[in-house]
Amino acid sequence: MQKKLLLALCAAGLLPQTGMAEVTGAEVGFHYSTFADADANDMNKATLGGALEYAFAPQFTAQADLSQRYYGLTNWDGTTFTLHGSYRPTGEMAAGAFVGHDWLDNQDVVYYGLEFANKVNNISYEAAFTHFDSMGKNANGITLRGGYEVNQQLGLGGRFDVVHGQGNDNYRISGTADYQISPGLMATGELGFYDGDGMPAESFVGVGVKATFGNNNGVTFGGRGLQDFLPGL
C-alpha cells in the first residue's frame, strides 16, 4: 500500500496534460493529532496522504485521495481510498458524488455519498453526506467545513462532523488555521472536541504540513471516510 501511495503522489508530474483533459491540482501532506487530556494523550494518529484532481472537460472533474494512518495506542494502521466525481457549473463551485473504502485493523468499511464545495471571494466551504457500511452495520454522517482567507498567508476556519449509527451519535467540532510558509507549502493546525458513544467530550489538537500543486492550489474536496472523522484515535 505504501508503494501505491507514492505512485499516487507522483502522478501529478507523470500524467499528460494535453487538450482539455489535464491534471488541475494535487496535494500531499502529513498530519498528527492527539487528545489533549493527559490520561488519553497516548491515543494519537499520524496520517500521510495525498490527492490528485483531473479535469476531463471544463465542467467535469475526478479526484482521487489515498491516505495511510498509524495509531499509537493500539499499534493499528489503516488505509483510506476515495474517488470523487463532480460537475462544476462555475469555476469555484462543484457538486458531486464519491465512493471509498476504509481498511482498519483487518476490518473494512465501504462508504459513499454526495458533496458540494464553493468559494465566494475569501470564503470557502464544503458539505458532504456519507453512508457507511461495515459487514451489515450502517451509519450516516454529515460533514461541514469552512474557511476564511485573512490575507495571502493566513487562513482561519472550522469543521463540524456528526456520525449516527447503531443508536449512538458521535460529534467532532474544531477550529482550524493554516499559514503559508512559502508558495505551495502550508503549515496547518486544529483544536477541537470529540464526543463519541455518549462519553464526555475530549479535547484534541492536530498539527501538520501540506504541499499543494496546480492551478487550483490543491484539490477541491477534503478527505472522506470513517478514519478521517476520528481525531487521534
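Predicted model, so just to flag it, every value in this text is computed and none were measured.

Colleague: Summarise the nonpolar core; cite the residues concerned and give the values.
Modeller: Ranked by size, the top nonpolar core spans 12 residues in total: Phe-35, Phe-98, Val-109, Tyr-111, Ala-128, Phe-132, Ala-139, Val-163, Tyr-194, Phe-204, Phe-229 and Leu-230. Sorting the residues of this core by element identifies β6 (107–120) and β7 (123–134) as the ones contributing at least two each. Ignoring anything within four residues of it in the chain, the contact list for Ala-128 reads Phe-98, Leu-114, Glu-115, Gly-141, Ile-142, Thr-143 and Arg-224.

Colleague: Quick rundown of the sheet that holds β7? Include the residues and the values.
Modeller: Overall, antiparallel pairing links the 12 strands, which are arranged β1-β2-β3-β4-β5-β6-β7-β8-β9-β10-β11-β12 in a closed barrel. The average undirected angle you get between the axes of adjacent strands in this sheet is 20°. Here β6 pairs with β7 via 11 bridges, running antiparallel. Along β7, the bridge assignment pairs Phe-116 with Ala-127.

Colleague: I'd like a rundown of the pairing of strand β3 (residues 60–71), residues and numbers included.
Modeller: Within β3, nine of the 12 residues are buried, which leaves it mostly tucked inside the rest of the structure. Where strand β2 (residues 44–57) meets β3, 12 bridges bridge the pair, whose relative direction is antiparallel. Of the residues in β3, the one forming a bridge with Glu-53 is Gln-63. Adjacent in sequence and paired antiparallel, β2 and β3 are bridged by two residues.

About the criteria used
Residues numbered from 1 in each chain as written. Predicted model: local features only at pLDDT ≥ 70, side-chain atom pairs only at ≥ 80, totals over all residues. Heavy atoms only, no water. Core = buried A, V, L, I, M, F, W, Y, C linked by side-chain atoms within 4.5 Å. Buried < 20%, exposed > 50% of the residue type's maximum accessible area, 1.4 Å probe, protein only. Helix = DSSP H or I, 4+ residues; strand = E, 2+ residues; numbered from the N terminus. Contact = heavy atoms within 4.5 Å. Pairing = 2+ DSSP bridges. Axes fitted to C-alpha atoms, helices over the stretch in contact; angles between N-to-C directions.

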